[in-house]
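An overview of the molecular structure
Here are the chains, one letter per residue:
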Amino acid sequence: MKLSELINGTLLGDASIGINKNRYYYYSLNAKDKIFLEWNRRSFKKFNIPTYIALNNAISKVFTLGFYINARQNIELSSLRGKWYRKHNGKTVKVVPKNLEITPTTLLFWYLGDGSLIRRKNDKNRVPTIVIATNCF
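Our subject in this report is the structure included herewith. The structure displayed is predicted, hence computed values, not measured ones. (Residues numbered from 1 in each chain as written. Predicted model: local features only at pLDDT ≥ 70, side-chain atom pairs only at ≥ 80, totals over all residues. Heavy atoms only, no water.)

Let's shift gears to the packing of helix 1 (residues 3–12) against helix 2 (residues 34–45). Running from N to C, helix 1 and helix 2 cross one another at 150°; their axes reach a closest spacing of 10 Å. In terms of their interaxial angle, helix 1 and helix 2 are classed as roughly antiparallel. The element helix 1 and its partner helix 2 pack so that their crossing is left-handed. Of helix 2, the residues touching helix 1 (which contributes Leu3, Leu6, Ile7 and Thr10) are Asn40, Ser43 and Phe44. Residues belonging to the contact of helix 1 with helix 2 are distributed by class as follows: 4 nonpolar, 3 polar and no charged. (Axes fitted to C-alpha atoms, helices over the stretch in contact; angles between N-to-C directions. Helix = DSSP H or I, 4+ residues; strand = E, 2+ residues; numbered from the N terminus. Parallel < 35°, antiparallel > 145°, perpendicular 65-115°, else oblique. Left-handed = near helix turned anticlockwise from the far one by under 90°. Contact = heavy atoms within 4.5 Å. Nonpolar A, V, L, I, M, F, W, Y, C, P; charged D, E, K, R; others polar.)

Next comes the structure, spelled out in structure tokens:
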């Protein structure tokens with residue numbers, strides 16, 4: 001597994017890369033399932049990336065896994081914002097990079113973050129359907 005595959009897969013889902021004061025980049029992945037975020041946290045730990053998990057919204061019980069991107073320490077991470085975000089009508093929007101390679105790992109993290117498996121109870125002959133959300137792109 002490569003770090004870029006992990007991040008690209010989560011960015012296809014609910015993850016984002018933000019910027020503060022045009023200098024400080026941060027990654028965040030939101031989810032209601034804290035156990036899922038802890039599993040992702042262990043994946044980032046393999047790359048020596050210190051992360052935090054915080055309660056993002058107490059009402060909806062959404063948690064955030066995040067980390068700060070130090071451009072001097074990791075050029076690959078610092079270039080991700082430019083690959084994934086564009087200005088459109090004065091707003092910054094997330095776009096899928098044209099040269100994005102969908103690897104098995106990227107697909108796994110995309111599915112785990114924004115996918116579901118549909119099984120029909122009454123139709124035993126039908127193969128389950130995998131659905132991955134793409135409504136934000």
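Quick look at a nonpolar patch on the surface now. Residues Trp39, Leu108 and Leu112 make up a contiguous nonpolar surface patch of about 240 Å² in total accessible area. Within the secondary structure layout, Trp39 lies in helix 2. (Patch = residues over 30% accessible without salt bridge, like charges linked within 9 Å, V, L, I, M, F, W, Y side chains within 5 Å. Areas by Shrake-Rupley, 256 points an atom, 1.4 Å probe, with all protein chains shown as cover. Salt bridge = Lys/Arg side-chain N within 4 Å of Asp/Glu carboxyl O.)

Looking now at the environment of Thr103. Looking at where Thr103 falls in the secondary structure, it is placed in the loop between strand 6 (91–94) and helix 5 (104–114). Between the C-alpha atom of Thr103 and that of Met1, which follows or precedes it by 102 residues, the distance is 9.7 Å.

Once that is clear, we can look at the side chain of Ser43. Relative to the helices and strands, Ser43 is located in helix 2. Residue classification places Ser43 among the buried residues on the basis of a relative accessible area of 4%. (Buried < 20%, exposed > 50% of the residue type's maximum accessible area, 1.4 Å probe, protein only.)

Below, the discussion takes up the nonpolar core. Ranked by internal contacts, the top residues of the largest apolar core, which has 24 residues, are Ile7, Leu11, Tyr27, Leu29, Leu37, Phe44 and Trp84. Going through the elements one at a time, helix 1, strand 1 (15–20), strand 2 (24–31), helix 2, strand 4 (62–69), helix 4 (80–84) and helix 5 are the ones with two or more residues in this core. Sequence-distant contacts of Phe44, defined by excluding residues within four places in its chain, comprise Leu3, Leu6, Ile7, Tyr27, Ile49, Thr51, Leu65 and Phe67. (Core = buried A, V, L, I, M, F, W, Y, C linked by side-chain atoms within 4.5 Å.)

Throughout the structure, instances matching the rule amount to 2 aromatic pairs. The ring of Tyr85 is capped by Arg81, whose NZ or CZ atom sits 4.6 Å from the centre of that ring. (Phe/Tyr/Trp six-rings, centres within 6.5 Å; stacked < 30°, edge-to-face > 60°. Lys NZ or Arg CZ within 6 Å of the ring centre and 35° of its normal.)

So, on to helix 1. Along helix 1, 9 of the 10 residues are buried, which leaves the element largely enclosed by surrounding structure. Taken together, the buried positions of helix 1 are occupied by Leu3, Glu5, Leu6, Ile7, Asn8, Gly9, Thr10, Leu11 and Leu12.

Turning to the packing of helix 1 against helix 5, a few remarks are in order. If you want to describe how two helices pack, look at the angle between their axes and the distance between the axes. Two elements in contact, helix 1 and helix 5, have axes whose closest approach is 7 Å; the angle formed by their N-to-C orientations is 35°. Seen along the crossing, helix 1 lies across helix 5 with a hand that is right-handed. Of helix 5, the residues touching helix 1 (which contributes Glu5, Leu6, Asn8, Gly9, Thr10 and Leu12) are Thr105, Thr106, Phe109, Trp110 and Asp114. Counted by class, the contact of helix 1 with helix 5 contains 4 nonpolar, 5 polar and 2 charged residues.

Take it as geometry only, folks, not as evidence of what the structure does.
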